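Overview (structure and organization)
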Amino acid sequence: MINCIVVDDEAHAIELLTLHIEQTPFLKLAGTATNPVEALQLLNQTEVDLIFLDIQMPGMSGIELLQLLNEKYKVILTTAFREYALDGYDHNVVDYLLKPIFFPRFLKAVQRAQEAIASPKKETDDFILVKTEYKGKLLKINVNDIIYIEGKGRYVCFHTREKEQVMAQLNIGSLEEKLPGDRFLRIHKSFIIAVPFIIMIHGNMVHLEFTEDQIPIGQTYRDGFMGQMLDKVITNKNKEDSDPGESV
């Protein structure tokens, strides 16, 4: 059983989510709060696994509460504003529900939460040691600093947040197998990118933070990459049908 709470300043939103929770056998409503301060008090008093969290609330926003929680709980964001989705993914939320929330879409989100709670991601090393172009020299590279990796024959080049470019004697294919798959994706025979640094996908190019370089998407990797990215683009077709003037 997953214990959950609802945090929203609108009574009708709490009522709807309460109804959805009651219809879901593996969810148990542990309480509700109308603002983040009440939510913090509730979290201190109750064992909670999952939070349904509204973004726009007076006094403190849902995003500000997320920052305080520091990923301690699984969170599903709820809001009427589509443009806030990317803010949530910066904080590793389970899903993003666009109001009005219909039960089929709600169920898909809580099934994701159930999987995340049942199978937490294994901890991975936060650094790797690579053999550089200088014979016999091993260099420590922080995984969280890698923006993208470029294959160059028998070598790979690590591009990092510190603007450093480290050449190492590695095969990009064997390196791909050793990197944490939830953070890195191979999108071209010569390129692996860090997913958290994606800013924009434009045409056949990926734009990343901390660099002006644009990384091409290889034809062989395009379908897999776009499939994973589209899974993060949360839409509500029922909302779109009722509001044709709104665009993604």
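Each remark here, short or long, concerns the structure printed above.
Here is what the cut-offs are and how they apply
Residues numbered from 1 in each chain as written. Predicted model: local features only at pLDDT ≥ 70, side-chain atom pairs only at ≥ 80, totals over all residues. Heavy atoms only, no water. Pairing = 2+ DSSP bridges. Helix = DSSP H or I, 4+ residues; strand = E, 2+ residues; numbered from the N terminus. Axes fitted to C-alpha atoms, helices over the stretch in contact; angles between N-to-C directions. Salt bridge = Lys/Arg side-chain N within 4 Å of Asp/Glu carboxyl O. Buried < 20%, exposed > 50% of the residue type's maximum accessible area, 1.4 Å probe, protein only.

**A short note on the sheet that holds strand S8 (residues 146–152)**
Spatially, five strands are ordered S10-S9-S8-S12-S11 in an open sheet, and the strand pairing comes out antiparallel. For this open sheet the edge positions go to strand S10 (165–168) and strand S11 (184–188), each flanked by a neighbour on one side alone. Each adjacent strand pair in this sheet contributes to an overall mean axis angle of 20°, direction not counted. In terms of strand pairing, S8 meets strand S9 (residues 155–160) through six bridges, oriented antiparallel.

**Some remarks on the pattern of salt bridges**
Considering all chains together, one arrives at seven salt bridges under this definition. Close ionic contact of Arg105 with Asp95 constitutes a salt bridge, the shortest N to O distance being 2.9 Å. Residue Arg105 is found in helix H5 (residues 103–118), and its partner Asp95 is found in strand S5 (residues 95–98); the two are separated by 10 residues along the sequence. Taking relative accessible area as the criterion, Arg105 reaches 15% and is therefore assigned buried. Residue class for Asp95 comes out buried when judged on its relative accessible area of 0%. Linking Asp145 and Arg161 is a salt bridge whose minimum nitrogen-to-oxygen distance equals 2.9 Å. Of this pair, Asp145 sits in the loop between strand S7 (138–142) and S8 while Arg161 sits in the loop between S9 and S10, placing them 16 residues apart in sequence.

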